[in-house]
Amino acid sequence: MLRALCRYIPNSFVNALAMTAPETPIDVALARRQHLQYRDALAECGVAITTIPGDEACPDCVFVEDTAVIVGHVALVTRPGAVSRQTEPVEIARALDAWCRVIRMEAPATLDGGDVMQLGNTIYVGRSARTNAAGIAMLEQTFRSRVVAVELPPHVLHLKCVVSPLDHDTVLLAEGSLPPALFAGFRIISVPREETYAANAVAVGSHVVVAQEFPRTHDALSAAGFTLHPVPTSEVRKADGSLTCQSLVF
Ligand code: CIR
């Protein structure tokens, strides 16, 4: 059975990192209700969820995806690229230890899990402001898979802001973001430019947890045979978060 590790939202989430300050402050109570809807949607997809306490000292700790890359039973616990996030992995490593062989990334390597996408036997990794060459090298050493490093378009925080895996041979890709040739041999479901945010979705078998209010993306996914679980994202979006970032699924 698939599991997901999630983390509760601390009050300090109002101070989460954001590339652009939100027009209205994060409503933490609403963010918590939306987080519950997200976890409920994952549970509807058949995922067993463990949620660990948040940490007031870590405003961004709900974004657990960035703190580990899990392949099979091996978890590479990362050293996130943002200094304010570098203590988040301590509790994540402790929690993952129940299920995985945990390997810790060491300085000077940095890597955010949001930059890492597994597709079949290939691991794609974004070279971003958060993920450096030493982090990518450590990813290669740890998993010994084919690793493809991808240059990200300007102002894109993480690789999975513009592309996410749907199944072993299908990706959801924002139009105009990355060259489709990178995914030659895979089926591509395109997200129209004006719905780019919806390119980040969590797929579990034929089910997809997707952001609400992106009708063209929903139509494309439904036409491809996926069952949709739309969830609200207004509050995480104010902190540059989306859907994959709120869980570690393994
Ligand atoms: C950050 O800047 O690190 C957080 N405010 C957002 C992280 C989102 N993570 C992700 O998409 N994987």
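The sections below set out a description of the structure shown in this document. No experiment lies behind these values; they were computed from the predicted model shown.

Quick word on the overall build of the chain
Along the backbone of the chain there are 5 helices and 15 strands. Reported as C-alpha extents along the three principal axes, the dimensions of the chain are approximately 40 × 40 × 40 Å. Here the chain holds 250 residues, and 54% of them are scored as buried. A separation threshold of at least 6 residues defines the contact pool for the chain, and within that pool the share at least 24 residues apart is 66%. Working note: accessible area of the chain is about 10800 Å², and carbon and sulfur atoms make up 53% of it. If you average the places of the 20 positive and of the 26 negative side-chain charges in the chain, the two averages end up 5 Å apart.

Considerations on the site of the ligand
In the region of the ligand, the neighbouring residues are Leu-17, Asp-60, Phe-63, Glu-65, Asp-66, Arg-85, Gly-114, Arg-130, His-158, Ala-239, Asp-240 and Cys-245. In this structure, Arg-85 approaches the ligand through a side-chain N or O atom, which is 2.8 Å from an oxygen atom. In the environment of the ligand, a nitrogen atom lies 2.7 Å from a nitrogen or oxygen atom belonging to the backbone of Ala-239. Within the complex, 99% of the 340 Å² of free accessible area of the ligand lies under protein. Taken together, the residues that form the shell around the ligand break down as 4 nonpolar, 2 polar and 6 charged.

Some remarks on the nonpolar core
The nonpolar side chains of a soluble globular protein tend to be buried with one another. In this structure, Phe-13, Tyr-38, Leu-42, Phe-63, Val-202, Val-209 and Leu-243 are the most contacted members of the largest nonpolar core, which totals 27 residues. Breaking this core down by element, the ones donating at least two residues are strand 1 (3–7), helix 1 (28–44), strand 12 (202–204) and strand 13 (207–211). Ranked by residue count, the leading element in this core is helix 1, at 5 residues. Setting aside its immediate chain neighbours within four residues, Val-209 contacts Tyr-38, Ala-41, Leu-42, Cys-45, Ala-201, Val-202, His-229, Val-231 and Leu-243. Grouped together as the second largest cluster of nonpolar side chains are 25 residues, Leu-166, Leu-173, Val-191 and Leu-221 included.

Comments concerning helix 1
With 17 residues, helix 1 ought to run about 24 Å at 1.5 Å a step, and its terminal C-alpha atoms sit 24 Å apart, in line with that. Along helix 1, the positions that sit buried rather than exposed are Val-28, Ala-31, Gln-34, His-35, Tyr-38, Arg-39, Ala-41 and Leu-42. Along helix 1, the residues classed as buried sweep out an arc of 155° about the axis, all on the same side. Packed against the buried residues of helix 1 are strand 1, strand 2 (48–52), strand 12, strand 13, strand 14 (227–231) and helix 5 (234–238).

Considerations on the sheet that holds strand 9 (residues 163–167)
Read from one edge to the other, the open sheet built from 3 strands follows the order 9-10-11, with strand pairing classed as mixed. Every other strand in the sheet has two partners, leaving strand 9 and strand 11 (187–191) as the edge strands with one partner each. Strand-to-strand twist across the sheet, computed as the mean angle between neighbouring axes with direction ignored, equals 25°. In this structure, strand 9 lies alongside strand 10 (residues 170–174), joined through 4 bridges in antiparallel fashion. Paired with Pro-165 across the two strands is Val-171, which belongs to strand 10.

What about the pairing of strand 14?
Where strand 13 meets strand 14, 5 bridges bridge the pair, whose relative direction is parallel. In the sheet register, Val-209 faces strand 14, and the bridge partner there is His-229. Note that the unit made of strand 13, helix 4 (residues 215–223) and strand 14 has a crossover that is right-handed.

A look at helix 3 (residues 133–143)
Side chains three or four residues apart in an α-helix point the same way, a direct result of the helix having 3.6 residues per turn. Taken together, the buried positions of helix 3 are Gly-135, Ile-136, Met-138, Leu-139, Thr-142 and Phe-143. Each buried residue of helix 3 sits inside an arc of 160° when the element is viewed along its axis, so together they form one side. Helix 3 presents Ala-133 and Gln-141 as exposed residues on the side facing more than 90 degrees away from its buried surface. The inward-facing, buried residues of helix 3 abut strand 3 (68–71), strand 4 (74–77), strand 5 (101–104), strand 6 (116–119), strand 7 (122–127) and strand 8 (146–151). One side-chain oxygen at the N-terminal end of helix 3 lies 3.2 Å from the backbone nitrogen of Ala-134; it belongs to Asn-132. Just beyond helix 3, the residue with positive phi is Arg-144, at close to 50°.

Conventions adopted
Sequence order sets the numbering: in each chain, residues are counted from 1 along the sequence as written. Reporting in this predicted model follows two pLDDT cut-offs: at least 70 for local features of residues, and 80 or more for side-chain atom pairs to be given and counted; totals over whole chains, interfaces and linings ignore these cut-offs and use all residues. The basis for every side-chain value is the complete set of heavy atoms in the structure, and neither hydrogens nor water enter the calculation. Every helix listed is a DSSP run of H or I at least four residues long, and every strand listed is a run of E at least two residues long, numbered separately from the N terminus. Each residue is assigned to one of three classes by its accessible area relative to the maximum for its type, calculated with a 1.4 Å probe on protein chains only: buried under 20%, partly exposed between the two thresholds, exposed over 50%. Contact definition: two residues touch when any of their heavy atoms are within 4.5 Å. Under the convention used here, a 1.4 Å probe and the Shrake-Rupley method define accessible areas, while residue burial counts only the protein chains that appear. Charged-residue counts in this description rest on Lys and Arg as positive and Asp and Glu as negative, His and the chain ends being excluded. Taken as the charge location is NZ of Lys, CZ of Arg, CG of Asp or CD of Glu. Any residue with at least one heavy atom within 4 Å of a molecule or strand is counted as near it. By the criterion applied in these results, polar contacts are pairs of N or O atoms within 3.5 Å in which, for protein atoms, one can donate a hydrogen and the other can accept it, and in which residues neighboring in sequence qualify only through two side-chain atoms. Residues are grouped as follows: Ala, Val, Leu, Ile, Met, Phe, Trp, Tyr, Cys and Pro are nonpolar; Asp, Glu, Lys and Arg are charged; every other residue, Gly included, is polar. The set of buried Ala, Val, Leu, Ile, Met, Phe, Trp, Tyr and Cys residues whose side-chain atoms join them within 4.5 Å is what this entry labels a nonpolar core. Expected helix span is given by 1.5 Å per residue-to-residue step, counting one fewer step than there are residues. Note: the arc covers the axis-to-C-beta directions of the helix. Note on pairing: two strands pair once DSSP finds at least 2 bridges between them. In this analysis an axis means a line fitted to C-alpha atoms, helices contributing only their contacting stretch, and an angle means the value between N-to-C directions, from 0 to 180 degrees. The handedness rule is simple: strands pointing away from the viewer, and a clockwise path from the first strand over the helix to the second, make the crossover right-handed.

All quantities given are derived from atomic positions and should not be read as evidence of function.
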